[in-house]
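Fold and contact review
As a plain string of letters, each chain reads:
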Amino acid sequence: MNAAVRATVRVGIYTGAKVYFVHEGYQGLVDGGDNIKLATWESVSMMLQLGGTVIGSARCMDFRAREGRMKAALNLVKLGITNLCVIGGDGSLTGANQFRKEWATLLVDLVKAGKITDDEARKSCHLNIVGMVGSIDNDFCGTDMTIGTDSALHRIIEVVDAITTTAQSHQRTFILEVMGRHCGYLALVTALACGADWVFIPEMPPDEGWEGHLCRRLADQRARGSRLNVIIVAEGAMDRAGNPISSEDIKKLVEKNLGFDTRTTVLGHVQRGGTPSAFDRILVGLSLSLSLMGVEAVMALLEATPETPACVVSLSGNQAVRLPLMECVQVTKDVTTAMAEKRWEDAIKLRGKSFENNWNTYKMLAHINPPDTKSNINVAIVNIGAPCAGMNAAVRSAVRIGIIQGHNMLAVHDGFEGLAQGKVCTPYALHIAYMGGLELVQGRDKYEELCIPMVVIPATVSNNVPGSDFSIGADTALNTITSTCDRIKQSAAGTKRRVFIIETAGGYCGYLATMAGLAAGADAAYIYEDKFGIRDLEMNVEHLVQKMKTDVKRGLILRNENCNANYTTDFIFALYSEEGKGIFDCRKNVLGHMQQGGTPTPFDRNFGTKMGSKAVLWITEKLKEVYRHGRIFANTPDSACVLGMKKRALTFQPLAELKEQTDFVHRIPKTSWWLKLRPIMKILAKYNISLDTSEHAHMEHVIKKRMSMPAPLMKKACPPTKHEEEE
């Protein structure tokens, strides 16, 4: 939440608006006084790495009554506040919308009571509302991810990883209960990320007789040689009759029927705390930056008219979109109704495409029942290039989906070298390398053996693969850089006037430097794609000189390793040290290969899992297309593709078509979506630059994001406009 607060405050000030903090939520709005304070640029410094919210939050019964809302309106009118940015769940946002709808009548009553003048009422005649959804449960329909969800997943996965080591040592069954009273997102994604044997979620209770099925599953896993079992339970889990299923109930069942040594862990509020992940700070991985969400919130307020409905800034893929607030709230309520009416499939669909895809992927991977008849097809998996976190998740899901399809799954050791040395026979191949895939496609004219279906899964910390907005491994590397920057900045807490120069990985791709700059609050990030010269360096130094005159006496500069052959990390360090002499001192850090290691983040595990399964399913269908007269022959462009995420969907794009989009000399795409975020990083660092607002999100509708639900449900969620009816 603090990243959203920081971005909203700073962009608001940048646009020339007065921005106020409302401390303690709606209670502070009702009580007024010192609870509503003017925010300054410096007042939101050093808060990105803090969990929770520095301005406080509280449940407020007073705001539920009209009298309380009238007090809140009075406080806003007296301060001339006519725009309200609300960060919270569906209850908070519903309350904000009600406040907005009755605003005019509240002003009339305040004038009648003599508490405000006619002139004050005229100046504050309309209240604009924009919402940003903050909820670790990810239970708000209309957005792929809510603020706080990814950080909660980080806490959960840290515990799961720690527990599995002791479970393997002692051959135990562990049952972990996670938050999610009405939404099973945390439980579902945790189950996908850790390969759990079973998951209980409120949207899809287990079938009748689940007790016997669960015990057979656990016993089968042990019979296959597994030394542990992991079961994930959402706190709102229930059976088909609506009876609660607790972690203790499951423990008793397993111990009684199987005699396994079983332990339960209820994570509780540990999921709400801790340092926010890089994803939550900039919502990177299936999203645009949280900073951009804050920007979009401010722009939505500034562009609002009395006829504009209250909106919520949501995430769809990597796009920030504005959606009508109450449409989202209605669909969220429809999920609850569907569960109450035991329409489980509808509940899954109403949660959105992302939730539905997670559920379907989990079902495929958890129920491994190889068919009796083999497909007589060999599929090989080969990792090419430098390793990165999340590759194992992709390999695991690819192998399992292949086995389910009846294929013979093969592993090629040592990349192309192992392939060349004939360590394994590979008639049909699955690849994780863009350049290598292109070389194989080019070799089809010469070698008929290469006329086979191929798919490239982007896996690199640099996130430089054309055809995909994200690569497996980039999120883990980004979190490593962000947490390192946090520690480095914290080391200067007792030292006045210090600037840190940090070199990041990425080859010629500036993705990591840019996104880490947003997540860690950098003053500048030098990258190859955004050319800079000595005048730019001079301006950056002067900016830091002026910054040292404020209350914030720390600076953070990021430099991509190949941003400029002459302006090296040593050069920039020497320049800043010389020009800042007597004003600030400098330190430098080269992060190096630590960015390629570490435990995969929940996003990289989940992303890798879905990419691996989708790739093998694509290969299976492609093989059916190219099988002719007892042999496989695939030489068309669409038989060798990159599987990538483009904006809102996973898509397959022919390798040959991507050649035009590739800078082969520097091994980067010719265009990158994240470059549009760089001006925002500069604005948040207080540079006086212009912001291109021509591509702001337009108001969309939830119905367009829910086309897969049954027609009656769609009509209930959002009645179509006249234009939509004609279409």
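This one's a predicted model, so the numbers in the text were calculated from it and none came from an experiment.

Bringing the sheet that holds strand β6 (residues 198-200) into the picture now. Pairing in this open sheet of four strands is parallel, and the strands run β6-β7-β5-β8 from one edge to the other. Every interior strand has two partners, whereas the edge strands, β6 and β8 (262-266), have only one. The sheet shows a mean angle of 15 degrees between the axes of neighbouring strands, taken without regard to direction. Summarising the sheet, strand β5 (residues 173-178) and β8 pair through five bridges and their orientation is parallel. Within β8, the position partnered with glutamate 177 by the bridge is valine 266. Contacting β5, β7 (229-234) and β8, helix α7 (residues 149-170) crosses the sheet at an angle of about 165 degrees to β5.

The tally for this structure, following the rule as stated, stands at 32 salt bridges. Across the pair glutamate 102 and arginine 69 runs a salt bridge, and its minimum N-O distance is 2.2 Å. A residue pair is termed long-range when its members are at least 10 positions apart, and glutamate 102 in the loop between α4 (90-101) and α5 (103-112) and arginine 69 in helix α3 (residues 66-79) qualify at 33 residues. Of the two residues, glutamate 102 and arginine 69, neither departs from the other in class, the shared state being buried. Residues lysine 353 and glutamate 356 are paired through a salt bridge, measuring 3.9 Å at the closest nitrogen-oxygen approach. Pair noted here: lysine 353 and glutamate 356 are both in helix α15 (residues 353-366), with a separation of three residues, about one helical turn. Residue classification places glutamate 356 among the buried positions, given a relative accessible area of 10%.

Relative placement of two packed helices is described by the angle separating their axes and the distance separating the axes. Direction vectors running N to C along helix α9 (residues 210-223) and helix α10 (residues 247-258) enclose 65 degrees, while the axes themselves pass 10 Å from each other. Pair α9 / α10 crosses with right-handed handedness. Across the interface between the two elements, Trp210, Glu211, Leu214, Cys215, Leu218 and Ala219 of α9 pack against Ile250, Leu253, Val254, Asn257 and Leu258 of α10. In terms of residue class, the contact of α9 with α10 is made up of nine nonpolar, one polar and one charged.

Ranked by internal contacts, the top residues of the largest apolar core, which has 112 residues, are Ile201, Ile232, Tyr511 and Met515. Per element, the largest residue contribution to this core is nine residues, and it comes from helix α23 (residues 602-626). With 35 residues, the next largest nonpolar core counts Leu76, Leu110, Phe140 and Cys328 among its residues.

What counts and how
- Residues numbered from 1 in each chain as written.
- Predicted model: local features only at pLDDT ≥ 70, side-chain atom pairs only at ≥ 80, totals over all residues.
- Heavy atoms only, no water.
- Pairing = 2+ DSSP bridges.
- Helix = DSSP H or I, 4+ residues; strand = E, 2+ residues; numbered from the N terminus.
- Axes fitted to C-alpha atoms, helices over the stretch in contact; angles between N-to-C directions.
- Contact = heavy atoms within 4.5 Å.
- Salt bridge = Lys/Arg side-chain N within 4 Å of Asp/Glu carboxyl O.
- Buried < 20%, exposed > 50% of the residue type's maximum accessible area, 1.4 Å probe, protein only.
- Left-handed = near helix turned anticlockwise from the far one by under 90°.
- Nonpolar A, V, L, I, M, F, W, Y, C, P; charged D, E, K, R; others polar.
- Core = buried A, V, L, I, M, F, W, Y, C linked by side-chain atoms within 4.5 Å.

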